[in-house]
Amino acid sequence: MEIANDNPYSPYPMTAPARYLPPVLKSLRFPVIASPLFIISNPKLVIAQCKAGVVGSMPALNARPAAQLDEWLAEITEALAAHDKAHPESPAAPYAINQIVHKSNDRLDHDMQVCEKYQVPIVITSLGAREDVNRAVQAWGGVVLHDVINNVFAHKAIEKGADGLIPVAAGAGGHASVKSPFAMVAEIRQWFGGPVALSGAISSGSAILASQAMGADLAYIGSAFIATEEARAVDGYKQMITECNSDDIVYSNFYTGIHGNYLKGSIRNAGMDPDHLPESDPSKMNFASGEGANAAKAWKDIWGCGQGIGAIREVMPAGELVARFKREYQEAKAALLAA
Ligand SMILES: Cc1cc2nc3c(=O)[nH]c(=O)nc-3n(C[C@H](O)[C@H](O)[C@H](O)COP(=O)(O)O)c2cc1C
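Criteria and cut-off values
- Residues numbered from 1 in each chain as written.
- Predicted model: local features only at pLDDT ≥ 70, side-chain atom pairs only at ≥ 80, totals over all residues.
- Helix = DSSP H or I, 4+ residues; strand = E, 2+ residues; numbered from the N terminus.
- Rg over C-alpha atoms; globule rule 2.2 N^0.38 Å.
- Buried ≥ 20, exposed ≤ 12 C-beta atoms within 10 Å, placed from the backbone.
- Near = placed C-beta within 6 Å.
- Nonpolar A, V, L, I, M, F, W, Y, C, P; charged D, E, K, R; others polar.
- Pairing = 2+ DSSP bridges.
- Axes fitted to C-alpha atoms, helices over the stretch in contact; angles between N-to-C directions.
- Left-handed = near helix turned anticlockwise from the far one by under 90°.
- Contact = placed C-beta atoms within 7 Å.

Enquirer: Looking at this structure, how should I read the overall build of the chain?
Expert: Secondary structure assignment for the chain yields twelve helices and 13 strands. What you see for the chain is a C-alpha radius of gyration of 19 Å, in line with the 20 Å of a compact globule of 339 residues. Overall, the C-alpha framework of the chain stretches about 55 × 45 × 40 Å when taken along its three principal axes. Counting over 339 residues, the chain shows a buried share of 45%.

Enquirer: Sorry if this is basic, but what is going on with the site of the ligand here?
Expert: Residues in contact with the ligand amount to 26 residues; listed here are only the nearest, Ser35, Gly173, Gly174, Gly222 and Gly306. Breaking the shell around the ligand down by element, the ones donating at least two residues are strand S6 (122-126) and strand S11 (218-221). Tallied by class, the residues present in the shell around the ligand amount to 13 nonpolar, twelve polar and one charged.

Enquirer: Sorry if this is basic, but what is going on with the sheet that holds strand S3 (residues 32-34) here?
Expert: Remark on secondary structure: sheet strands pair via backbone hydrogen bonds, oriented parallel or antiparallel. The parallel open sheet is built from three strands, whose spatial order is S3-S11-S10. With partners counted over all chains shown, the strands left at the sheet margins are S3 and strand S10 (197-199), one partner each. Ignoring strand direction, the axes of neighbouring strands in this sheet form an average angle of 25°. Two elements, S10 and S11, share three bridges in a ladder whose sense is parallel. In the strand pairing of S11, Ala197 is matched with Leu218.

Enquirer: Honestly, the sheet that holds S6 in this entry has me stumped. Any pointers?
Expert: Ordered by their spatial adjacency, five strands build an open sheet running S4-S5-S6-S7-S8, and the pairing between neighbours is parallel. Every other strand in the sheet has two partners, leaving strand S4 (56-59) and strand S8 (164-167) as the edge strands with one partner each. Geometrically, the sheet is characterised by an average inter-axis angle of 25° between neighbouring strands, direction not taken into account. As paired strands, S4 and strand S5 (residues 95-100) are joined by four bridges and run parallel to one another. Along S5, the bridge assignment pairs Pro59 with Asn98.

Enquirer: When you look at the packing of helix H2 (residues 43-52) against helix H12 (residues 318-338) in this model, what are you seeing that I'm missing?
Expert: Angle between the axes and distance between the axes are the two parameters that describe a pair of packed helices. Relative orientation of the contacting elements H2 and H12 amounts to 35°, with a least axis distance of 8 Å. H2 and H12 meet at a crossing whose hand is right-handed. Where H2 approaches H12, its residues Leu45, Ala48, Gln49, Lys51 and Ala52 are matched on the opposing element by Ala318, Gly319, Val322 and Ala323. Split into classes, the residues belonging to the contact of H2 with H12 amount to six nonpolar, two polar and one charged.

Structural data, given as structure tokens:
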């Protein structure tokens, strides 16, 4: 279906592209992807997220050594199949694996072969779109979502064959843009009708509903899941999230060479002043699997986190957090309809 725009003064095209979703996303019972978190996501968290009805995900690089990825995908596949058998009335949501498609990731070929073996249903690619990776995933029937920080990269990703987009807006945990989510989604929706998952500071049911109202299909949620029992983060990190809000987040490129959002408290704990961090350069980026993997060192002590954590006040099981989101989402919808 095309939506006509009959305002002759509008800068937007006269028709918005027809919206469509691949079956794997269309079948979701709740419009959320729990996003991949470096070091933190693990099979236990992914399984809990999928069982609760949201897409669970993890970076392939979290499995170390590389051979562990096979074991982890076997564990996820078996646990979700067992759940579906026991609960045919509420099957698990599909899972996603994140591939860092940056040139320094020397494990990409290996990790893609393991993903092919398990026919991973959704692959999330970050840091550079690659045609061969997209084609390989689509050949086994998977769907590729690529994360982007602006409309130019969004066009490039779709031109290179990605199925969908993850606009990472201002305030997102980890590497983030400075763009308003309203601007990003509106610009993408002028030309793209496929799957869009909005990322950045979403930590409540009303924010999930807002992302759909804005034009996204799904909300993409990261930091809120750090404060869950299954997350592989130290207690101090989880606790800091429950005690902080957007004032406690700093946007800096000092640690990885790319701008991202971090908890100021973790920077102070490391003996630095979060309000006076020096600038860095992108050549610092390194996702190699050997000793030189400086990304891992940075993320272990300097805690990535988005601005939305004011809504997260306690550590709980991931399933309970999803149940809370679902409750809040229904309440927000009812309140809007009643207004
Ligand atoms: C600690 C941390 C680690 C992250 N690691 C990754 C990663 O390995 N790959 C990736 O694509 N995105 C990563 N992200 C970004 C998230 O997937 C997502 O875009 C972001 O968390 C969404 O914003 P929110 O945290 O405000 O919900 C990370 C984010 C955080 C907070």
